[in-house]
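# Understanding the architecture of this molecule
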Amino acid sequence: MSDVREIPAGQTHLAARALMALRPRWSDEKALADVIDTQLRPDGYRLIGVFPGSSEQAVAAAGFREGRSLAWGHYLYVDDVSTLPQARGNGYAEQLLTWLEAEARSLGCEGLHLDSGVGTDRAAAHRLYMRHKLRISAHHFERDL
């Protein structure tokens, strides 16, 4: 049995390995945890993890924040959903999305939003999102500066 729970500031390191599977630009767990705790959390970023059995480290994690905009109204935005490669295929990301949907409802959000990269390596993630009734509703444009 696995437990999905929110990870408070100061314990972010418990999800660092899982997040680094999605965010390879971060090669140091301490640096990633520091950025989350000192830069992202003050802007409303929250973090949840899946802890199977007696595991002290999260095997999957999701970072998210609540927001409001003219386009989407009151929403929950998912920044990160990631599972350790060796733990994939066990339903952990399903558990994260189910938790996120419930949290969005409890906050009174009108929608749940996330962006996902494209490419053949993202196909499984896209199937997961569509199983949770997320739809492709826009193109995301960016420019490196």
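Residues numbered from 1 in each chain as written. Predicted model: local features only at pLDDT ≥ 70, side-chain atom pairs only at ≥ 80, totals over all residues. Heavy atoms only, no water.

The backbone of K133 shows a phi angle near 65°, a positive value even though the residue is not glycine. Looking at the secondary structure, you find K133 in the segment after helix 4 (123–131). You can call K133 exposed: its relative accessible area is 75%. (Helix = DSSP H or I, 4+ residues; strand = E, 2+ residues; numbered from the N terminus. Buried < 20%, exposed > 50% of the residue type's maximum accessible area, 1.4 Å probe, protein only.)

So, on to the packing of aromatic side chains. This structure, assessed with the given rule, holds 3 aromatic pairs. A ring pair is formed by W72 and Y75, whose centres lie 5.0 Å apart and whose planes are at 90°; its orientation type is edge-to-face. The class for W72 is partly exposed, based on a relative accessible area of 37%. Ring centres of W72 and Y77 lie 6.4 Å apart, and the angle between their planes is 5°; this geometry places the pair in the stacked category. Members of the aromatic cluster, each reached through a chain of ring pairs, are W72, Y75 and Y77. The cationic tip of R5 hangs over the ring face of F51; the distance from NZ or CZ to the ring centre is 3.7 Å. (Phe/Tyr/Trp six-rings, centres within 6.5 Å; stacked < 30°, edge-to-face > 60°. Lys NZ or Arg CZ within 6 Å of the ring centre and 35° of its normal.)

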